[in-house]
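Reading the structure
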Amino acid sequence: MHILGIDIGGSGIKGAPVDTETGQLLAERLRIKTPKNGEPEPIAEVVNQIAQSFNWNSPIGIGFPAPIKGGVTMMAANVSEKWVGTNADALFTKITGCDCTMINDADAAGLAEMTYGAGRGQPGTVIMVTLGTGIGSAIFHRGQLIPNTEFGHLEIEGEDAEFRASDAARQRDDLSWKKYAKRLNKYLKTMEKLFWPNLFIIGGGISKESEKFIPLLTIDTHVVPAQLLNEAGIVGAALGALRK
Ligand code: BGC
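Small disclaimer: the values here were computed from a predicted structure and weren't measured.

So, on to the sheet that holds strand β10 (residues 135–141). Spatial strand order, β11-β10-β9-β14-β15: five strands in an open sheet with mixed pairing. Of all the strands in the sheet, just β11 (144–146) and β15 (222–225) have a single pairing partner and so form its edges. Put simply, the sheet's adjacent strands are angled 25° from each other on average, direction ignored. Where strand β9 (residues 125–131) lies against strand β14 (residues 199–203), five bridges are found, and the strand directions are parallel. Residue pairing in the sheet places Met128 in a bridge with Ile201 of β14. In this fold helix α3 (residues 105–116) packs onto β9, β10, β11 and β14, with an angle of close to 45° to the strand it touches most, β10.

What follows is the structure, encoded as structure tokens:
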């Protein structure tokens, strides 16, 4: 099936048509800057602009950095408060005229990795962790996703885990890779003790530099970088629309 995949982030909104049978983008992706206030309607307008640029009138899958239940955005950690309680599926469907399905961004990236990337054919429990402005999580057992796990907000030593171990935290605190790996290790160790996964997949922009910190991790669970990098968000958002 051909679905328009859209990845909404704090700085950019990216989209491209995806062949959900192969995971391939069917055209070069388009990126438009995220509107300044990051509120629902202006963002939906940008999604509409992307849909129109591809002359789109079929289903659209959208990844967004918040838990999404039945099409409704439940929480706003790094996005405008106006999203809380917004029925995103209804709003985006109204503005684009296409059938829109929103899912959490980390769940989207995880679906893409499990289907076409580092998690393909992996048995047991796999946890995808995306490191960016926040920490996103997606947990799979025998390939099945349990959606909306917000493990970036696990409290570790009295603080939100993403405040200490996201890529934004690394940059904010100007950490060396060694120091950052120590913080990430603590986070993954906590996750390991709670879920005993077979594999961690590390995604987000930082995964391009995985050789600088993954070898420094000392947890027992195998840790690998994501394989789809830039495209995981778009491909996974399209796959999310298939789950409706
Ligand atoms: C949000 C999650 C999101 C993650 C990565 C967190 O702050 O609460 O929903 O998946 O950031 O973007």
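Around the ligand sit 13 residues in total, of which Asn104, Asp105, Glu150, His153 and Glu162 are the nearest. The separation between an oxygen atom of the ligand and a polar main-chain atom of Ala66 is 3.3 Å. Side-chain polar atom of Asn78 to an oxygen atom of the ligand: 3.1 Å apart, as the coordinates give it. Coverage of the ligand by the protein amounts to 93% of the 310 Å² it exposes when considered alone. By residue class, the composition of the shell around the ligand is six nonpolar, four polar and three charged. For the shell around the ligand, the two domains that each supply at least three residues are domain 1 (2–104) and domain 2 (118–227).

Each pocket or cavity is described by its volume, and for the second largest pocket that value is around 240 Å³. Along the walls of the second largest pocket sit 16 residues, with Ile68, Thr101, Met102, Ile103 and Arg243 positioned nearest its centre. Sorting elements by how many residues they give to the lining of the second largest pocket places strand β8 (residues 100–104) first, with four residues. Its residues assigned to classes, the lining of the second largest pocket comprises five nonpolar, six polar and five charged. Built from parts of two domains, the lining of the second largest pocket gets at least three residues from each of domain 1 (2–104) and domain 2 (118–227).

Calculation rules
- Residues numbered from 1 in each chain as written.
- Predicted model: local features only at pLDDT ≥ 70, side-chain atom pairs only at ≥ 80, totals over all residues.
- Heavy atoms only, no water.
- Pairing = 2+ DSSP bridges.
- Helix = DSSP H or I, 4+ residues; strand = E, 2+ residues; numbered from the N terminus.
- Axes fitted to C-alpha atoms, helices over the stretch in contact; angles between N-to-C directions.
- Contact = heavy atoms within 4.5 Å.
- Near = heavy atom within 4 Å.
- Polar contact = N/O pair within 3.5 Å; in protein donor to acceptor, adjacent residues only side chain to side chain.
- Areas by Shrake-Rupley, 256 points an atom, 1.4 Å probe, with all protein chains shown as cover.
- Nonpolar A, V, L, I, M, F, W, Y, C, P; charged D, E, K, R; others polar.
- Domains from an automatic or database assignment.
- 1 Å grid on protein atoms, 1.4 Å probe; cavity = no way out; pocket = protein on both sides within 12 Å on 5 of 7 lines; lining within 4 Å.
- Points joined across faces, edges and corners; volume = space filled by probe spheres on them.

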